[in-house]
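Structural description and commentary
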Amino acid sequence: MRLERLRAEVRAIVASGKDPAAVLPFGVDALDGRLAGGGLADAGLHEAAAASCGYSDDAAATLFLAGIAGRRAGEKGMVLWIVSRRDLFAPGLALAGLPPERLLVAEAGRDADVLAVMEEGLRHGALAAVVGEVGRAGLTETRRLQLAAEEGGTMALMLRRWRKADPLAEPSTAITRWRIGPAPSVPLPTAGVGPPCWTVELARQRGGPGFSLIMEACDAQGRLALPALSPHRPDQAGGEWRRAA
């Protein structure tokens, strides 16, 4: 009991300087302007799943969360990533804004173990973000993660793995739920391959409608961008975004 009280006191001290209403914006008006809070709630649960069970879709969803976690960590914070299988590629995460020095990796084979480690990391309060990979997590489990994120003032990011069915079909209390997949690159004016693009779909959000956009993939700072010829870009208002052949 004494140890638990000490842990609670440490968590309270760490979380005392955190604003529970704070958000992490994407820095892109086309995204932030459609999010109910103007960004992702710092102390909240957010989920992402691949648009399909394909490897390229899974990679896009993984890097999408890596970019968010990297921006949340900034230059000093640490991210705890709980894996369900050994397929994290550190150079790829770094190119999406999450360098190795900001990353702690824990391995847990079962969904129940992943969720337990996530909850403990969130309640600790000293991490910038906690990422967990799961196949199944119901209303009870996601509610516990949301409460732990609020208690620790820590962002919870859940990568929903495909297991025969759409992982976002399962009910959840997450504040936002995203579906991510690759999209054709924007054609360049000269020969070559343009920046990688994703279809970024907000399947559900608390307090607002969903939407879907084509975005350039995360850069080394974890930032998304609108494609160069997107009609949503202020400097391309009269342009037409074209898909590459």
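Note that this is a predicted model, so its numbers are computed, not measured.

**A look at the side chain of Asp32**
- The residue Asp32 is located in helix α2 (residues 29–32) in this model.
- Of the side chains with opposite charge, Arg71 lies nearest to the buried Asp32, which makes no salt bridge, at 7.0 Å.
- At 2.8 Å, the side chain of Asp32 forms a polar contact with the backbone nitrogen of Phe26.
- Discounting residues that sit within four places of it in the chain, Asp32 has contacts with Pro25, Phe26, Gly27, Gly38 and Gly39.

**Some details on the pairing of strand β7 (residues 155–160)**
- Among the six residues of β7, six are classified as buried, and the element is accordingly described as predominantly covered.
- Side chains Met155, Leu157 and Leu159 of β7 all project onto a buried face; the interleaved residues Ala156, Met158 and Arg160 project onto the opposite face, where all are buried too.
- Taken together, the five bridges between strand β3 (residues 45–50) and β7 define a ladder with parallel strand orientation. From the neighbouring strand, Ala49 faces β7, where its bridge partner is Arg160.

**Re the packing of helix α5 (residues 111–124) against helix α6 (residues 139–152)**
- Running from N to C, α5 and α6 point in directions that differ by 20 degrees, and their axes come no closer than 7 Å. Here α5 is positioned roughly parallel relative to α6, judged by the angle of their axes. In the crossing of α5 with α6, the sense of the turn from one axis to the other is left-handed. Across the interface between the two elements, Leu115, Met118, Glu119, Leu122 and Arg123 from α5 touch Glu141, Arg144, Leu145, Leu147, Ala148, Ala149, Glu151 and Gly152 from α6.
- Tallied by class, the residues present in the contact of α5 with α6 amount to seven nonpolar, one polar and five charged.

What counts as what
Residues numbered from 1 in each chain as written. Predicted model: local features only at pLDDT ≥ 70, side-chain atom pairs only at ≥ 80, totals over all residues. Heavy atoms only, no water. Helix = DSSP H or I, 4+ residues; strand = E, 2+ residues; numbered from the N terminus. Buried < 20%, exposed > 50% of the residue type's maximum accessible area, 1.4 Å probe, protein only. Lys, Arg positive; Asp, Glu negative; His and termini not counted. Salt bridge = Lys/Arg side-chain N within 4 Å of Asp/Glu carboxyl O. Polar contact = N/O pair within 3.5 Å; in protein donor to acceptor, adjacent residues only side chain to side chain. Contact = heavy atoms within 4.5 Å. Pairing = 2+ DSSP bridges. Axes fitted to C-alpha atoms, helices over the stretch in contact; angles between N-to-C directions. Parallel < 35°, antiparallel > 145°, perpendicular 65-115°, else oblique. Left-handed = near helix turned anticlockwise from the far one by under 90°. Nonpolar A, V, L, I, M, F, W, Y, C, P; charged D, E, K, R; others polar.

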